[in-house]
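# Structural overview
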Amino acid sequence: MVTYSGRAVGIAALVCGAVFAGSAVEASEGKFIRTVASSPPPSGARQLCRQYAWACSSKASARMTSQQEMKIIQRINRQVNATTRAVTDQAQYRTSERWALPTSRGGDCEDFALLKKRDLIRAGVDPSKLLIATVLDTKRNAHAVLVYRSASGDLVLDNLTDRIKPWSATRYLFLRMQDPRKPSSWVGVYGRS
């Protein structure tokens, strides 16, 4: 599970409510999540690029039709959700935050997102279209998802559902995600769906 200190969540809420109110409204009406500014990575993602170079790759791969890509996206999303158990980092590693591929015991939300990203890249989906994002879910708990940047808009692959939804239909508060132009960096998005 992605963790945030109460202070960080409070600051994000303040930023969302005050400074970026106009941008959040524009982003919620758009098909793509708009970036606001550069942002530090989540604490567990600081070593992500060193640990998994593919997770930060922006190298374009072979082109597929949108329909071919969507079939692969749906299949891998369902497969990972069905075969990976939810296990907290605390139970598995005795730490509050560790971004890693799921183990045989399972993984938490960002581990699901990483596994989906890896498997989709291996299946030929362009890595520059696959961005990990951190959000506050509908109960305002810290959560991580994989964003698929399709030609028609940003879609969310979530371990809480097999249904792939447009980002604007999740009812999540988007805080930050990998930079679409340089996935080794992170950007603040502060978008309310």
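Quick look at the structure, then.

Before going further, it helps to examine unusual backbone geometry. Backbone geometry at arginine 94 places phi at a positive 60°, although glycine is not the residue there. With respect to the secondary-structure elements, arginine 94 resides in the loop between helix 5 (89-93) and helix 6 (109-122). Here the phi dihedral of arginine 171 falls at roughly 65°; this positive angle occurs in a residue that is not glycine.

Here we take up the nonpolar core. Grouped together as the largest cluster of nonpolar side chains are 26 residues, with contacts concentrated most on Ile73, Leu114 and Leu120. Contributions of two or more residues to this core are made by helix 4 (66-83), helix 6, strand 2 (130-136), strand 3 (142-150) and strand 4 (153-158). Not counting residues within four places of it along the chain, the set of residues in contact with isoleucine 73 comprises Leu120, Val125, Leu130, Tyr148, Leu157 and Ile164. Formed by 13 residues, the second largest nonpolar core is a distinct cluster that contains Ile33, Ala133, Val145 and Trp167.

By the definition in use, this model includes one disulfide. What pairs with cysteine 49 in a disulfide is cysteine 56, and their sulfur atoms sit 2.0 Å apart. On the S-S bond that ties cysteine 49 to cysteine 56, the torsion sits near -85°, and the link is left-handed. We classify cysteine 49 as partly exposed; its relative accessible area is 30%.

The subject of this paragraph is the environment of leucine 48. Checked against the element boundaries, leucine 48 lands in helix 3 (residues 48-51). With 51 residues separating them along the chain, leucine 48 and tryptophan 99 place their C-alpha atoms 7.3 Å apart. In contact with leucine 48, not counting residues within four places along its chain, are Ala55, Cys56, Trp99, Leu114 and Gln178.

Quick look at the pattern of salt bridges now. The final tally for this structure, using the stated rule, is three salt bridges. Notably, a salt bridge pairs arginine 118 with aspartate 119, separated by 3.0 Å at the nearest N-O pair. Assessed through its relative accessible area of 17%, aspartate 119 is described here as buried. Aspartate 154 is paired through a salt bridge with arginine 149; the nearest N and O atoms lie 2.8 Å apart. Residue classification places aspartate 154 among the buried residues on the basis of a relative accessible area of 0%.

With that settled, consider the packing of helix 4 against helix 6. To describe two helices that pack against each other, one gives the angle between their axes and the distance between the axes. For the pair helix 4 and helix 6, the least separation of the axes is 10 Å and the interaxial angle reads 140°. In terms of orientation, helix 4 and helix 6 fall into the oblique class. Between helix 4 and helix 6 the crossing geometry is right-handed. Along its contact with helix 4, which presents Ile72, Ile73, Ile76, Asn77, Val80 and Asn81, the element helix 6 presents Phe112, Leu115, Lys116, Asp119 and Leu120. Residue composition of the contact of helix 4 with helix 6, grouped by class: seven nonpolar, two polar and two charged.

Rules used throughout
- Residues numbered from 1 in each chain as written.
- Predicted model: local features only at pLDDT ≥ 70, side-chain atom pairs only at ≥ 80, totals over all residues.
- Heavy atoms only, no water.
- Helix = DSSP H or I, 4+ residues; strand = E, 2+ residues; numbered from the N terminus.
- Core = buried A, V, L, I, M, F, W, Y, C linked by side-chain atoms within 4.5 Å.
- Buried < 20%, exposed > 50% of the residue type's maximum accessible area, 1.4 Å probe, protein only.
- Contact = heavy atoms within 4.5 Å.
- Disulfide = S-S within 2.5 Å.
- Salt bridge = Lys/Arg side-chain N within 4 Å of Asp/Glu carboxyl O.
- Axes fitted to C-alpha atoms, helices over the stretch in contact; angles between N-to-C directions.
- Parallel < 35°, antiparallel > 145°, perpendicular 65-115°, else oblique.
- Left-handed = near helix turned anticlockwise from the far one by under 90°.
- Nonpolar A, V, L, I, M, F, W, Y, C, P; charged D, E, K, R; others polar.

Just distances and angles here, no functional claims.
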